[in-house]
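Coordinate inspection notes
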Amino acid sequence: MKQLFPIRHVMGYVFSLILSVVALAVIVWDMSFTTAITILLICAAIQAAVQLFMFMHIDEDKSNKASNYTNIAYALFVGLVTIFGTLFTMIWGYL
Amino acid sequence: MKIDKTLPLEYQTEENSNRIFGFWIFLGAEIVLFSTLFAVYFTLWTRSGTGPSAAEIFQIKPVLLETFLLLTSSFTCGLAIHAMRLGMKKPFMTFMAITLLLGLGFLGIEIYEFVTYVHEGATLQTSAFLSSLFVLLGTHGAHVTMGLLWGSGIMIQTQREGFTHDTANKSFIFSLYWHFLDVVWIFIFSFVYLKGLM
């Protein structure tokens, strides 16, 4: 039975539950917008990393490791440019 | 066919290893797809016009339940793949079944949530905020629905054929897809619901 629950996965699960509860703090307590967004960003980034490394094992395919990282990094780059570029032109630019 | 026995079953043939890498590239495209939807939502989320605003319609309880169900299903999906690598078919099938049931539960709550919104007069056509919200949540929900059908198909095939190069490869690729949906949900949970409620 024990071999069916590898420690890496159990830890990942516990981490993601804890991080979700931590993120919940932003609606429980009053805090500044900057503090709240910082908490959300950090929690979400760590959770995404937990999934990517502890559950999806992005690092395990030795022959495609570099290509895998490059691909995900490039996708994140395009995604972030899309989101922040949109915010910059549509919201912040007209303040 | 060259078979590398030192690797896990799903990676052993070159074709299968390429399929897994190809799926990672697809996930890269999915990251960009969801980024565009998030960008639209972040631009329009305060534009509620005469309709309800985010803080007025969001309810934290169903959202927390959805988060819990999806996080747990992502965990059990990882356990299913771990069982597969140990060559244990019964635990694999059990964990897959739990994963899909939790996914179904998630979908049920999301549909309930959508129905509640519509009853409160918050429809796709009401405002720019709601259009962007429904498209973002709906795209994620459609992915989960697709995952349920896909996962069921893989369970049927594995039940019939056992762990082969093909079924192991398909199961592993399904697990990547399922974990990815959980990642997207984390961002929806944080930057749509929590941000909307604070």
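Everything quoted here is computed from the prediction, not taken from an experiment.

1. Considering the overall build of chain A
Across its full length, chain A holds 3 helices and 0 strands. In sequence order, chain A lays out its α and β elements as α-α-α. With the C-alpha coordinates aligned to their principal axes, the bounding extent of chain A is approximately 55 × 35 × 15 Å. Taken across its 95 residues, chain A has 25% of its residues classed as buried.

2. Overview of the interface of chain B and chain A
Of the residues lining the interface, 38 residues belong to chain B; the matching set on chain A comes to 39 residues. Every element with two or more residues in the side of chain B that touches chain A is listed here: α1 (14–44), α3 (60–85) and α6 (165–197) of chain B. It is α1 of chain B that contributes the most residues to the side of chain B that touches chain A, 14 residues altogether.

3. Looking at the nonpolar core
Among the nonpolar cores identified, the biggest contains 64 residues, and Phe38, Tyr41, Ala80, Leu136 and Ile188 of chain B are the most heavily contacted of them. At the level of secondary structure, the elements contributing two or more residues to this core comprise α1 (7–28), α2 (33–55) and α3 (65–90) of chain A together with α1, α3, α4 (89–119), α5 (128–161) and α6 of chain B. Broken down by element, the residue count for this core peaks at 16 residues, all from α6 of chain B. Excluding residues that lie within four positions of it along the chain, Ala80 of chain B makes contacts with Phe92, Phe95, Met96, Thr99 and Ser175 of chain B. Core analysis: the next-biggest nonpolar cluster, separate from the first, contains 5 residues, Val50, Phe55, Met56 and Ile58 of chain A among them.

4. Looking at the confidence of the model for chain B
For any part of a model where pLDDT is low, the fine detail of the predicted coordinates should not be relied upon. Looking at chain B as a whole, its pLDDT mean stands at 95, while 99% of the residues score no less than 70. Scoring of the predicted complex yields 0.94 for pTM and 0.92 for ipTM.

5. A word on the environment of Leu40 of chain A
Positionally, Leu40 of chain A belongs in helix α2. Residue classification places Leu40 of chain A among the buried residues on the basis of 21 C-beta atoms within 10 Å. Sequence spacing of Leu40 of chain A and Leu19 of chain A is 21 residues, and the spatial spacing of their C-alpha atoms is 9.4 Å. When residues no more than four places from it in sequence are discounted, the contact partners of Leu40 of chain A are Ala23 and Val26 of chain A together with Ser190, Phe191, Leu194 and Lys195 of chain B.

6. Here's the deal with the packing of α5 of chain B against α6 of chain B
Residue and element names in this part refer to chain B. At their nearest, the axes of α5 and α6 sit 10 Å apart, and the two run at 160° to each other. As the angle between them shows, α5 and α6 are arranged roughly antiparallel. Note on packing geometry: the crossing formed by α5 with α6 is left-handed. Touching Leu136, Leu137, His140, His143, Val144, Gly147, Trp150, Gly151, Ile154, Gln157, Thr158 and Glu161 of α5 are Thr167, Lys170, Ser171, Phe174, Tyr177, Trp178, Leu181, Val184, Trp185, Ile188 and Val192, all from α6. Partitioned by chemical class, the residues of the contact of α5 with α6 number 13 nonpolar, 8 polar and 2 charged.

Scoring rules and cut-offs
Residues numbered from 1 in each chain as written. Chains lettered and ligands numbered in written order. Predicted model: local features only at pLDDT ≥ 70, side-chain atom pairs only at ≥ 80, totals over all residues. Helix = DSSP H or I, 4+ residues; strand = E, 2+ residues; numbered from the N terminus. Buried ≥ 20, exposed ≤ 12 C-beta atoms within 10 Å, placed from the backbone. Contact = placed C-beta atoms within 7 Å. Core = buried A, V, L, I, M, F, W, Y, C linked by C-beta atoms within 7 Å. pLDDT = per-residue confidence, 0-100. Axes fitted to C-alpha atoms, helices over the stretch in contact; angles between N-to-C directions. Parallel < 35°, antiparallel > 145°, perpendicular 65-115°, else oblique. Left-handed = near helix turned anticlockwise from the far one by under 90°. Nonpolar A, V, L, I, M, F, W, Y, C, P; charged D, E, K, R; others polar.

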